[in-house]
Structure formats: structure tokens, C-alpha cells
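Architecture at a glance
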Amino acid sequence: MAEDLATVFTMLHQSADPKVAAAIEKLIGDPVERRLNRINVLDFARANGLDETNTIGGFLQATRLRLFDMSWNVLCPGCGGVLAAGTTLKTVDRDEYNCSLCSAGYEPTLDEMVEVSFTVSPRVRTIAAHDPDRLPFAEYFRQIFWACGIALPEEFEHLLDDMTLERLELPAKERAIVSLNLEPQFLIVFDPVTHATQFLEVTGDPTRERQAVNVVLDEMLKQNDTITIRPGPLRLTIENRSDRRTLPGVWIANDALHDLLGQRKSFLTAKRLLSHQTFRELYRTGFLGLDQRLKITSLTFMFTDLKGSTQLYDRVGDLAAFELVLAHFRVLEQIVAANAGAVVKTIGDAVMATFSTPQHAISAALEMRRAMRRFNAEHGEEKDELLLKIGLHEGPCLAVTLNDRQDYFGQTVNVAARVHALVESQEIIATHTVVEDTEAQRILNESQIEPIRREHQLRGLKDKTSLYILP
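Everything quoted here is computed from the prediction, not taken from an experiment. (Residues numbered from 1 in each chain as written. Predicted model: local features only at pLDDT ≥ 70, side-chain atom pairs only at ≥ 80, totals over all residues. Heavy atoms only, no water.)

Here's the deal with the packing of helix α11 (residues 318-338) against helix α12 (residues 358-378)
Quick note on the threshold: Helix axes use the C-alpha atoms of the stretch in contact, all axes being lines fitted to C-alpha atoms, and the angles between their N-to-C directions lie in the range 0 to 180 degrees. Only DSSP runs of H or I with at least four residues qualify as helices, and only runs of E with at least two residues qualify as strands; both kinds are numbered from the N terminus onward. Left-handed describes a crossing in which the near helix is turned anticlockwise from the far one by less than a right angle; the clockwise case is right-handed. In this analysis, two residues are considered to be in contact whenever any of their non-hydrogen atoms come within 4.5 Å of each other. Note on residue categories: nonpolar means Ala, Val, Leu, Ile, Met, Phe, Trp, Tyr, Cys or Pro, charged means Asp, Glu, Lys or Arg, and polar means any other residue, Gly included.
Contact pair α11 / α12: the axes reach a minimum separation of 10 Å and the direction vectors enclose 145°. Regarding α11 and α12, the two cross each other, and that crossing is right-handed. Residues L324, A327, H328, V331, L332, I335 and V336 of α11 touch α12, and the partners they reach there are A364, E367, M368, A371, M372 and F375. Considering only residue class, the contact of α11 with α12 consists of 11 nonpolar, one polar and one charged.

In C-alpha cells form, the structure reads like this:
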């Protein structure tokens with residue numbers, strides 16, 4: 001970006017949290033290039049003592065200003081490797097993603113299988129990861145193969161000596177022959193570029209005869225059977241049939257490797273980003289295809305509505321009432337955003353919002369109730385006050401595009417709407433999946449709220465549902 005970066009940073013400071021904007025500006029000048037590739041926003045927030053929600057919003061604003069490029073990475077739950085990456089959710093277009101290293105296939109969900117990371121734009125600063133085929137062996141694994149949810153240590157390159165017998169850089173269409181003398185152990189021939197994998201089980205009586213194994217590197221993602229060989233000399237032929245440079249290695253499936261893969265840290269999931277208010281404001285359309293149906297295993301829905309708005313219109317007139325309803329929307333939107341949620345849509349004077357966890361939804365609901373009491377007092381609505389009705393439910397759903405906007409579909413959404421329809425006066429009603437969440441219970445205990453349980457037969461459901469009134 002040849003234009004004045006100072007101007008862009010000024011715009012960032014105007015649109016994002018000032019502390020976050022200052023930290024991003026400092027980051028872009030970081031001499032360690034790997035810190036500018038596939039940035040883990042939650043890790044960045046922790047390291048800089050920043051609020052996570054504000055940090056996510058800051059990186060979204062920085063991306064809008066073309067300081068960063070955003071990547072949606074499909075992860076393997078087993079090894080943490082990136083199985084596919086794209087610039088929008090439209091690229092998550094398979095029913096199943098296979099990991100040859102783990103010999104397993106996974107149906108993609110937006111909860112923990114799709115991470116969102118940020119890389120400095122080449123328009124701002126060129127880094128080695130912009131041309132990943134030139135990265136050395138260790139850095140390719142660190143910056144490209146593994147997701148930012150793997151907690152790789154700084155001495156990762158030295159750990160490779162404990163985990164590998166051989167490492168190669170093999171140009172496109174070329175072949176290499178490696179001679180090894182093997183001990184009893186389990187080995188994995190693996191290339192992070194093509195994800196081609198071959199398992200070798202070294203077992204049995206030792207032999208002096210040279211054994212031979214051929215491994216082909218391509219992008220077919222075949223699940224190869226394990227080859228059993230005896231301890232002793234091995235002639236390993238590796239053929240690169242792809243059009244890219246590959247980085248095959250002979251990995252030892254030992255404790256060092258297993259310990260490394262077990263070191264995880266939290267990261268920004270697609271689910272959480274879709275429920276971030278700044279994301280919904282900046283990216284209203286285009287991130288989901290019209291025919292896409294992406295699963296989310298757990299999302300908390302909130303429906304709100306005003307009781308008394310009809311009488312308000314009759315009492316003060318359309319214009320004054322409309323202004324009050326808009327003011328109430330602004331209050332609710334601020335509370336939703338502050339509690340890591342997002343408003344999906346408004347219908348009349350009703351709001352539909354989503355939260356990544358029941359904890360955030362409960363916190364927002366209680367804050368809304370307090371805020372509406374203040375709102376009524378400030379606007380002189382004590383006698384004929386606007387009462388906010390709130391319904392909460394958590395469960396699985398589908399992320400879809402409806403009416404050209406990102407929306408949600410499924411039974412969980414239907415149940416949340418029906419729970420909300422039961423609310424009377426200034427009540428909060430939540431289902432058992434919300435109230436029984438450990439962190440949600442902690443918030444209720446701290447607020448000294450004892451939920452009142454009721455069983456109710458919701459339309460369309462076979463069994464009665466446990467509902468809780470939050471007095």
C-alpha cells in the first residue's frame with residue numbers, strides 16, 4: 001500500500017478501540033515476520049492485555065482498511081493441521097474433509113473446525129509467508145500447515161530432531177532416494193504441502209536385507225494402508241508428482257510428537273466471528289453462498305420484544321414512539337455487542353441476536369433488563385413503561401443466507417422464538433440448555449437470581465420442555 005500509511009492508521013484509530021489500534025500499528029512494524037502471518041487474534045489480545053471483543057473488531061476494521069487479509073481455515077480436530085483455507089466462508093464447500101495424517105474424515109462445523117486468522121497484506125508489507133513455497137521446512141509447518149490454535153514453542157525447530165529421522169525439500173516432478181537403518185518403532189512419511197501420508201510399522205525380527213518402500217506425493221489424499229517392515233536397512237523412494245515443491249519428512253510417532261500436538265490454545269472460530277457485531281455490520285453479504293448450509297453445534301439465541309409499544313404509539317404519536325423504539329434498539333445493540341454477541345435482525349420492535357455461549361447471553365439479558373428500567377425512568381415512561389420480554393435457547397443450527405443476509409435456520413431457532421412468545425411482562429425465560437451451563441449458573445449465582453422452573457409443552461415438540469423464569 002504505497003499510499004500514506006499514517007492516514008490509514010489515523011482512520012483505524014477513529015474506527016477501532018484506541019488501544020487495539022495502537023497495538024495493531026506496532027504489530028505491523030514487528031521485525032519477526034511469522035508474527036504477521038495467520039495471527040491468532042485471541043492470543044494477540046491476551047499478549048497485549050486487550051479486550052477480546054474489541055480486538056476482534058479492531059482487526060476487522062484493519063482488514064476493511066486493507067491492512068490485513070482474512071483467512072478461513074478448515075482444521076483437523078486431531079492434529080490441528082489446516083486442511084483447506086480460503087478468503088470467505090464460501091470456500092468451505094465440502095460435506096467432509098479428510099486428514100490423511102490422522103486417517104480420518106470430518107464433517108465441517110463452524111464451532112471448532114473453522115478458524116479465522118489475519119495476515120498482513122502484501123500491499124502494506126511483504127513477508128515470506130506470502131510465498132509459502134519458499135519457506136524452509138520448520139517455518140512451513142509453523143506458519144502454513146499447523147493452525148494458530150497449536151501452541152508451538154519458540155524452540156520448535158530444535159524439537160524436530162527428536163521427532164524426525166529425515167527431512168527433504170523435493171522440487172516438483174522430482175524423486176529422492178533415502179537410505180535409513182530402522183529400529184522398532186512407528187514411522188510416518190508425511191508431506192505438509194500435499195498432505196500425502198504413508199504409515200510404516202517397524203516390527204519383528206531384525207534383518208540385514210535391504211527393504212524398499214515407494215511413496216508418491218500427490219494431492220489425492222488417499223488413505224494408504226500401513227506398511228509393515230522389519231528393523232534394518234530401508235531404501236525409501238519418494239516421488240513428487242505434484243506441481244509444487246514438497247517437504248516430505250520421516251516422522252517418529254513418539255511422545256515428543258504427541259505432546260506437541262496436544263499443546264492447544266483458544267482461537268477465533270467462525271462461529272464466534274459470525275456472532276460479532278462489527279463483522280455483521282461490515283460484512284452483511286457475500287461470505288456464505290446461497291446454497292450453503294454450514295453446521296454449528298452450539299449457538300445461543302435471544303429474542304426480545306417490547307410489551308406496551310402499541311399503547312405507546314397511541315399515547316404519544318407515531319413519530320415520538322418511533323424515536324423511543326429506535327433509542328431502545330441502540331441500547332440493546334450496545335449491550336449485545338459488549339457481551340460478544342451480534343444482532344441478526346430486527347422485526348418491528350423485536351430483536352433476534354446470537355451469542356457464542358449461554359454465559360454471554362445470560363449476562364446480556366440481565367443487563368438489558370436493568371438498562372430498560374433506566375431507559376423508562378429517563379424517558380418518563382414510569383407509569384406506562386416499555387417492558388422488555390426476553391427468551392433464550394441454546395442448541396445446534398445451520399448458518400445460511402436468507403434475504404441476501406447471513407442468518408440461521410433450524411429447530412433451535414424455532415424453539416427460541418416459541419420460548420420468547422411465552423414471556424409476559426418484564427421477564428426473562430430461558431431453556432434448561434442455557435440455565436444449566438456452568439458459566440451461566442455462575443452469573444446467576446453472583447446476581448443472586450434463583451431460576452423458577454416450569455414444564456411447558458412447546459408447539460411442534462413431542463416432549464415437554466424445561467423452562468426457567470429469571471425473576
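There's more to say after this.
Description of the confidence of the model for the chain
For clarity, the threshold we go by: By definition, pLDDT measures how confident the predictor is in each residue, and it falls between 0 and 100.
Averaged over every residue, the pLDDT of the chain is 92; residues scoring 70 or more account for 96%. The least confident element of the chain, judged by mean pLDDT, is helix α10 (residues 309-316) at 67; the most confident is helix α2 (residues 18-28) at 98.

Examining the nonpolar core
Basically, it comes down to this: Put simply, a nonpolar core is a bunch of buried Ala, Val, Leu, Ile, Met, Phe, Trp, Tyr and Cys residues held in one set by side-chain atoms that sit within 4.5 Å of each other. Whether a residue is buried, partly exposed or exposed follows from its accessible area with a 1.4 Å probe, protein chains only, as a fraction of its type maximum: under 20%, in between, or over 50%, in that order.
F68, W72 and Y408 are the most contacted members of the largest nonpolar core, which has 87 residues in total. One finds L306, L324, V343 and A430 within the second-largest nonpolar core, a separate group that totals 36 residues.

Considering the pattern of salt bridges
This is how it is decided: Salt bridges are defined by distance alone: a side-chain nitrogen of Lys or Arg within 4 Å of a carboxyl oxygen of Asp or Glu.
Scanning the entire structure with this criterion turns up 20 salt bridges. With a shortest N-O distance of 3.0 Å, E107 and K295 are connected by a salt bridge. Here E107 is found in the loop between β4 (104-106) and β5 (114-120), whereas its partner K295 is found in strand β14 (residues 294-307), with 188 residues between them in sequence. Owing to a relative accessible area of 45%, E107 belongs among the partly exposed residues under this scheme. Salt-bridge contacts for R241 lead to E239; the nearest nitrogen and oxygen are separated by 3.4 Å.

Some points on helix α1 (residues 5-15)
Condition: The arc in question is the one spanned by the directions pointing from the helix axis to the C-beta atoms. Contacts described as polar in this section are N or O atom pairs within 3.5 Å, which, within protein, must combine one atom able to donate a hydrogen with one able to accept it, while residues neighboring in sequence count only if both atoms come from side chains.
Looking only at α1, the buried set comprises V8, F9 and L12. What you see down the axis of α1 is that its buried residues fit within an arc of 100°, all on one side. Buried residues along α1 sit in contact with α2 and α4 (52-64). The N-cap of α1, judged by a side-chain oxygen 3.1 Å from the amide nitrogen of A6 a few residues on, is D4.

Considerations on the sheet that holds strand β11 (residues 227-229)
Cut-off, in case you're wondering: Strands pair, by our definition, only if DSSP identifies at least two bridges between them.
Taking strand neighbours across the sheet as the criterion, the five strands line up as β6-β13-β8-β9-β11 in an open arrangement whose pairing is mixed. Of all the strands in the sheet, the pair left with one neighbour each is β6 (164-167) and β11. For this sheet, the mean inter-axis angle between neighbouring strands, taken without regard to orientation, is 25°. Where strand β8 (residues 185-190) lies against strand β9 (residues 197-202), six bridges are found, and the strand directions are antiparallel. The residue bridging Q185 from the neighbouring strand is V202, located in β9. Helix α5 (residues 137-145) contacts β6, β8 and β13 (249-252) of the sheet and is inclined by roughly 75° relative to β13. Contacts from helix α6 (residues 156-163) reach β6 and β13, with the element oriented near 110° to β6.

Details of the pairing of β13
Here β13 shows no split at all, with G249 and W251 on one side and V250 and I252 on the other all buried. The pairing of β8 with β13 spans four bridges and is antiparallel. Across the sheet, residue I188 finds its bridge partner in β13, namely W251.

Here's the deal with the side chain of T412
Tracing the backbone shows T412 in helix α13 (residues 411-421). Setting aside residues no more than four positions away along its own chain, T412 makes contact with L299, F301, H393, E394, G395 and P396.

Details of the state of the cysteines
This is how it is decided: The definition used for a disulfide is geometric: two cysteine sulfur atoms within 2.5 Å.
Counted by the stated rule, this structure contains zero disulfides. Left unpaired, C76 is separated from the closest cysteine sulfur, that of C99, by 3.6 Å. Take C79: it sits in no disulfide, and the sulfur closest to it among the cysteines is that of C99, at 3.7 Å. Judged by relative accessible area, C79 falls into the buried class, the value being 1%.

Overview of the sheet that holds strand β12 (residues 232-240)
Strand pairing in a sheet relies on backbone hydrogen bonds. The paired strands run either parallel or antiparallel. The mixed open sheet is built from three strands, whose spatial order is β7-β12-β10. Two strands in the sheet have a free side with no partner beyond their single neighbour: β7 (175-182) and β10 (211-217). Direction aside, neighbouring strands of the sheet carry axes that sit 20° apart on average.

Things to note about the packing of aromatic side chains
As a reminder, the rule being used: The pairing test for Phe, Tyr and Trp rings, Trp by its six-membered ring, is centres within 6.5 Å, and the orientation test on the planes gives stacked under 30 degrees, edge-to-face over 60, and tilted for anything in between.
A complete count under the given rule lists 16 aromatic pairs for this structure. Put simply, the rings of F137, F141, F145, W146, F156, F190 and W251 touch in pairs and so form one group of aromatic residues.

Details of α12
To be explicit about the condition: A helix is expected to reach a length of 1.5 Å times the quantity of its residues less one.
Taking 1.5 Å per residue as the helical rise, α12 with its 21 residues ought to reach 30 Å, and the 30 Å between its terminal C-alpha atoms agrees with that figure. Those residues of α12 not exposed but buried are P358, A361, I362, A364, A365, L366, M368, R369, A371, M372, F375 and N376.

Concerning the packing of α12 against helix α15 (residues 438-446)
For clarity, the threshold we go by: Angle categories are assigned with fixed cut-offs, so that under 35 degrees is roughly parallel, over 145 is roughly antiparallel, 65 to 115 is roughly perpendicular, and the rest are oblique.
Following both chains from N to C, one finds α12 and α15 inclined at 25°, their axes separated by 7 Å at the closest point. What the angle tells us is that α12 and α15 run roughly parallel. Crossing geometry of α12 relative to α15 is assigned as right-handed. In this structure, α12 uses P358, Q359, I362, S363 and L366 to contact α15, whose residues at the interface are E439, A440, R442, I443 and L444. When the residues that make up the contact of α12 with α15 are grouped by side-chain class, the tally is six nonpolar, two polar and two charged.

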